[in-house]
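Structural overview
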Amino acid sequence: MDRTEEAVALIGVCIAVIGYFVKYRIDLRLAQRNDRLERINRQLSEFYGPLLALTRSSGQSWQAFRQRYRPPGSESFWKSDPPPTKEDAIAWRLWMTTVFMPVHRRMMELVLERADLIEEPEMPPSLLDLCAHVNGYQAILKEWETGEISTARETNISVVNFPGEKLAEYAATAFGRLKAEQAELLGATGKKDRSSNRT
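None of these values were measured; they are calculated from a predicted model. (Residues numbered from 1 in each chain as written. Predicted model: local features only at pLDDT ≥ 70, side-chain atom pairs only at ≥ 80, totals over all residues. Heavy atoms only, no water.)

**Overview of helix 3 (residues 125-144)**
Worth spelling out the cut-off: Each helix is a run of H or I in the DSSP string that is no shorter than four residues. Each strand is a run of E no shorter than two, and both are numbered from the N terminus. In a helix, the anticipated span is given by 1.5 Å times the number of residues less one. To obtain the bend at a residue, axes are fitted to the seven residues ending there and to the seven starting there, and the angle between these axes is taken.
Taking 1.5 Å as the rise per residue, helix 3 with 20 residues should run 28 Å; its terminal C-alpha atoms sit 29 Å apart, in good agreement. Approximately 30 degrees is the largest bend angle found in helix 3, and it occurs at Gln138.

So this is what it looks like as structure tokens:
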């Protein structure tokens, strides 16, 4: 084998090695991108999407409740003047036990069961407040089982307020950010809208 053949063989080996490393890097980036896309899809479908839907439906239910019972003229159902009546307390308990608490419990279940899908390294304060709010209502709901109707504020509300606005903002912001990243990753992996490929 002369020097020319050796040089050609060496160049061929170098090209093959370089090609292997380029392919390895491309495959690694594609795998990382696909892993990130898969995680985002799970976050959206299993945590942030349901959380956003629940926060919005809870907010709409709250607005409907307040329009019907003690329309907002003050900052709180229980702090307004004149004070709530026995009928107001009955309506509050009915809505709290049949509408709000089931939704709030479902939100707390999402947090407890899907905590691995939360973006932040620390548990966000609004999610902690949600769990504390639901837990704080357990004693209240148990007391309501006695059937006695009280119009006292402390016998009708949790020791921790529901973090409605903060929770809704957190869910909407995280959902929007992840949807944007999902769209970017789908575009980068060539999974664009099929309708754009039609002739």
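**Structural notes on the nonpolar core**
In plain terms, the rule: Here, the term nonpolar core denotes a set of buried Ala, Val, Leu, Ile, Met, Phe, Trp, Tyr and Cys residues that are joined through side-chain atoms within 4.5 Å. With a 1.4 Å probe rolled over the protein chains alone, any residue whose accessible area is under 20% of its type maximum counts as buried; one over 50% counts as exposed, and the rest are partly exposed. Residue contacts follow a heavy-atom distance rule, with two residues in contact if any of their heavy atoms lie within 4.5 Å.
Counting 39 residues, the largest nonpolar core has Phe47, Leu51, Trp92, Leu127 and Tyr137 as the members making the most contacts within it. Listed by contribution, the elements that provide at least two residues to this core are helix 1 (3-68), helix 2 (86-113), helix 3 and helix 4 (164-188). Ranked by the residues each element gives to this core, the list is headed by helix 2, at 11 residues. Setting aside anything within four residues of it in sequence, one finds Trp92 in contact with Trp62, Phe65, Phe77, Trp78, Tyr137, Trp144, Asn156 and Ile157.

**Here we look at the pattern of salt bridges**
Pairing between side chains of opposite charge can happen when their charged atoms approach one another. Quick note on the threshold: Salt bridge criterion: a side-chain nitrogen from Lys or Arg within 4 Å of a carboxyl oxygen from Asp or Glu.
On inspection of all chains with the given rule, the structure shows 8 salt bridges. A salt bridge links Glu181 to Arg36; its shortest N-O distance comes to 2.8 Å. Taken together, the residues Glu181 in helix 4 and Arg36 in helix 1 connect sequence positions 145 residues apart. Residue Glu181 is classed as partly exposed on the basis of its relative accessible area of 26%. When the shortest N-O distance is used, the salt bridge between Lys142 and Glu145 registers 3.3 Å. Taking relative accessible area as the criterion, Lys142 reaches 55% and is therefore assigned exposed. Residue class for Glu145 comes out exposed when judged on its relative accessible area of 58%. Because the salt bridges share partners, they merge into one network encompassing Arg42, Glu46, Arg114 and Asp116.

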